[in-house]
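# Observations on the three-dimensional arrangement
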Amino acid sequence: MSTEQTVRESLNQALHEELDRDESVFLYGEDVGDYGGLYKISEGLKDKFGEQRVFDTPLAETSLGGTAVGAALAGARPVVEIMYADFLPIASDHLINYAAKMYFNYGDETSVPLVVRAMYGTGDGHGLHHGQSPEAWFMNIPGLKIVMPSTSRDYKGLLKSAIRDDDPVIFLENKMKYDSRGPVPDDEYTVPLCESDIKRTGSDATIVAIGGMVNTAIEAAENLSEKGLECEVVDPRTVSPLDMDPILESVKKTNVLVVAQEAPTFGGFGSEVASQVIDDAFFYLDAPVKRVGAPFTPIPFAENLEEMYVQTASDIEDAVLDAINT
Amino acid sequence: MEEGLIHEWVVDEGESVSVGDTVLIFETEKTTAEIDAEEDGVLLRKVVEAGATVTIGTTLGYIGSESEANDIPTESDEDTGNGDERTSRSATDDSEEATPVQPEIRATPSARQTAREYGVDVTAVGRAVDVQQVRPKHVEQFLNESGALDGSEVRGSPAARRIAEDNDVEISEIGEAFETDRVRMADVDEYVEQIAVSERDEQVADELDQSREPTVRETIPITGGKKVMFDRMQTVSSTYGSTTTVARADVTELMDLLGSIKEPWREHNGVSPSLTAFVIRAVADEIGAYDVLNAAVDDSKSPPEVRTFEDVNIGIAVDTDHGLLVPTVYDADESTVSKLSERVASLATQAREQSLAYEQQQNGTFTVSNAGTFGAYINTPQINPPQTGILGVCTVNEEPGIVDGEIIPRKFVHLTLTYDHRVVEGGTAVSFLQDVKGRLEEPQSLLS
């Protein structure tokens, strides 16, 4: 049995269940306590679990990063919210140089079981600093897990897995999708990290999309289906470490690859997927690999420019057709 | 003689010559000869140096007045402007040294680099593109225009290359077949499928090969009597409304009669009575009432005409080694059966001996063809144009017949009347045939 619910509800449930399940889990960040989170993700948690386990902090991301690493090393499972992913760089010294390195530094099974929740997503007129997709900033760091779910079910299941995971996880939430709905199992469940998921099957082209672009890719695939092209949509869900096998299998079947992300294409997640496919499935490619992503420019504040900046289903459709008709 | 060796220039450049002066000496395989000046003047230039071998038509040098020196065509003019002047390699080299009239071509370092990469000469690029300062874009323009970069290299997608290799086909041949320089997976699949189909076709063709074309034993020109038959049958089959009606005549009595009079006739007339003669007699007697069958059609007239005849001249079809001949029994309605038997036998013999006179094969008004001697059960001969009908007489067979309600052996013959339905009514034809049949079934009436 499952229930249709929003991503917001799914995340709230996941936090509820994990705080309830494990006393070492605690949640903190800017406005997560009294206000219940800027987007109401942590609503009701402070009341239920008390201010020892759910509490507000000053606007001081460096401290958030540092305390999270410290708490995790000391045996707790901190869930820290960096309200906007755009400000992850302030905390990133702790994430990159400490959280990601401890396991390798000590060689004694030392782990840093922290989760950094941060929101991204473009299209709400928040300008330069409140909607960037930061996955590529951290992809190059071994030791960090980066999760970018796309459905209500995955958001809940993956957040629970992230909290239970012994490695540091950057959990990226698309703030434009908090209200999107989807079926979520009624019974308790988790979704494993590092497993790609086939969101739609097809044999004419493979679209690998991440985070907020998964739904856009599915929309594109439905439109192309009306033109007689069946696209397979692969959702890696975890950006790093990346589960490539389902992607390679899909490309071997379709021989055409399009990658889609919200971030600028240059140096992005899609480029990494493209590289690996070219490396490992070169002789299955029948078309140039096409990348869909933002132009290489900061997110414009002007509404019309932002509209141009955000990639849509029709951009993905064009990319698929371009590849096939090259 | 196609070429010659320039042995020696007798005159040097700048020297004057007069009409008849020897200008140079050349050698061919067979002889040594001189070329003399045809006009007074100065040897302005030697185009070909001594020792060079050149083909006929090559310009060797120029003689003219001093003032014409600047009018001498340059090397490139000769090459492009004057198509009938073929210049040997040695001649070209020599003259190029002698006349550095081309402006010097310069090139930028990057243009030289690009030219080197593609193995082309910047000077050639400059001349072709018509610039003195060659830039990289000029090299590219040259390469494009010369076809070096026209995409003639066929490229396959990685997947296409893998599948092509699996199927042992070349990407280049696929590109050629489909006239594309980009080969995709689907192209390979289609090409491989086409090969499979064509191989299957070839296999089938191989298997059929031996039985397909019949071997010619002999080619026989159609001439003479055969050509006459060829033309007439062509006319009939393409223009006549040939229709056939058939009757079966009980000729038991007739055959009995023939048997009984055979010996006496031989003794008295020296001829055997023939079935054909009796048929001719029956036809000749009855056809008067059916004049449209004793007639000729002329469809060249407008309106077309049918001419009926007073005379009854019956043609008899005789099969001979040199074709079907149709000698004429003139005025058949005025002959007795006895006389007809004699005439038919005589004409048949003449036909086989090719001794028929022209007149003996003309002027028929109706034809009788007896294929019965060959055993034809039912035979429908073609009308002999411009006649309007022909009666076929088939073989006489002994068959069960009914006489007075009893089945007894009788002798029957099929009579087939083919008529030109354009001018003969069906009823007319059928009535005529029934009348002929009736006469043959009462043979005594034919003896008178």
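Each remark here, short or long, concerns the structure printed above.
Residues numbered from 1 in each chain as written. Chains lettered and ligands numbered in written order. Predicted model: local features only at pLDDT ≥ 70, side-chain atom pairs only at ≥ 80, totals over all residues. Heavy atoms only, no water.

### Describing the sheet that holds strand E3 (residues 54–56) of chain A
Residue and element names in this part refer to chain A. Strand order across the open sheet formed by 7 strands is E3-E2-E4-E5-E7-E6-E12, with mixed pairing between neighbours. At either margin of the open sheet sits one strand with a lone partner, and together these are E3 and strand E12 (238–240). Here the average twist between neighbouring strands, direction ignored, is 20°. As defined by bridge partners, strand E6 (residues 145–147) adjoins strand E7 (residues 169–174) across 3 bridges and the pair is classed as parallel. Its bridge partner lying in E7, Ile 146 is registered against Ile 170. Strand contacts of helix H7 (residues 152–164): strand E2 (25–29), strand E4 (77–84), strand E5 (115–120), E6 and E7, with the helix running at about 160° to E7, the strand carrying the most contacts. (Pairing = 2+ DSSP bridges. Helix = DSSP H or I, 4+ residues; strand = E, 2+ residues; numbered from the N terminus. Axes fitted to C-alpha atoms, helices over the stretch in contact; angles between N-to-C directions. Contact = heavy atoms within 4.5 Å.)

### Digging into the pattern of salt bridges
Close approach of charged atoms lets side chains of opposite charge pair. Residues and elements named next belong to chain A. If you walk through the whole model with that rule in mind, you get 40 salt bridges over all chains. A salt bridge links Arg 77 to Asp 166; the nearest nitrogen and oxygen atoms lie 2.5 Å apart. Of this pair, Arg 77 sits in strand E4 while Asp 166 sits in the loop between H7 and E7, and the two are 89 residues apart along the sequence. Relative accessible area serves as the criterion here: at 16%, Arg 77 is assigned to the buried category. Judged by its relative accessible area of 39%, Asp 166 falls in the partly exposed class. The shortest N-O distance in the salt bridge between Arg 117 and Glu 173 comes to 2.5 Å. In this pair, Arg 117 sits in strand E5 while Glu 173 sits in strand E7, placing the two residues 56 residues apart along the sequence. Just as Arg 117 is buried, Glu 173 falls in that class too. Members of the salt-bridge network, linked through shared partners, are Glu 17, Glu 18, Arg 21, Lys 156, Lys 160, Arg 164 and Glu 188. (Salt bridge = Lys/Arg side-chain N within 4 Å of Asp/Glu carboxyl O. Buried < 20%, exposed > 50% of the residue type's maximum accessible area, 1.4 Å probe, protein only.)

### As for the sheet that holds strand E4 (residues 32–36) of chain B
Backbone-to-backbone hydrogen bonds join strands into a sheet, with any given pair of strands oriented parallel or antiparallel. All names here are of chain B. Across the sheet, which stays open at both edges, the 4 strands sit in the order E4-E3-E1-E6 with antiparallel pairing between neighbours. Since the sheet does not close on itself, it has two edges, and those belong to E4 and strand E6 (53–55), each with one partner. Looking at each pair of strands side by side, their axes are set apart by 40° on average, direction ignored. As paired strands, strand E3 (residues 22–27) and E4 are joined by 5 bridges and run antiparallel to one another.

### Remarks on the packing of aromatic side chains
One pass over the full model with this rule turns up 12 aromatic pairs over all chains. The interplanar angle of 20° and the centroid separation of 5.2 Å between the aromatic rings of A:Tyr28 and A:Phe55 together place this pair among those described as stacked. Of this pair, A:Tyr28 sits in strand E2 while A:Phe55 sits in strand E3, and the two are 27 residues apart along the sequence. Residue A:Phe55 is classed as partly exposed on the basis of its relative accessible area, which comes to 25%. On the basis of an interplanar angle of 75° and a centroid distance of 5.8 Å, the ring pair of B:Phe366 and B:Phe432 is categorised as edge-to-face. In this pair, B:Phe366 is assigned in strand E19 (residues 366–370) and B:Phe432 in helix H13 (residues 426–441), connecting sequence segments 66 residues apart. In terms of burial, B:Phe366 and B:Phe432 fall into one category: buried. Sitting over the ring of A:Tyr284, B:Arg162 keeps its end group 3.9 Å from the ring centre. Its guanidinium or amino end placed over the ring of B:Phe412, B:Arg248 lies 3.7 Å from that ring's centre, counting from NZ or CZ. (Phe/Tyr/Trp six-rings, centres within 6.5 Å; stacked < 30°, edge-to-face > 60°. Lys NZ or Arg CZ within 6 Å of the ring centre and 35° of its normal.)

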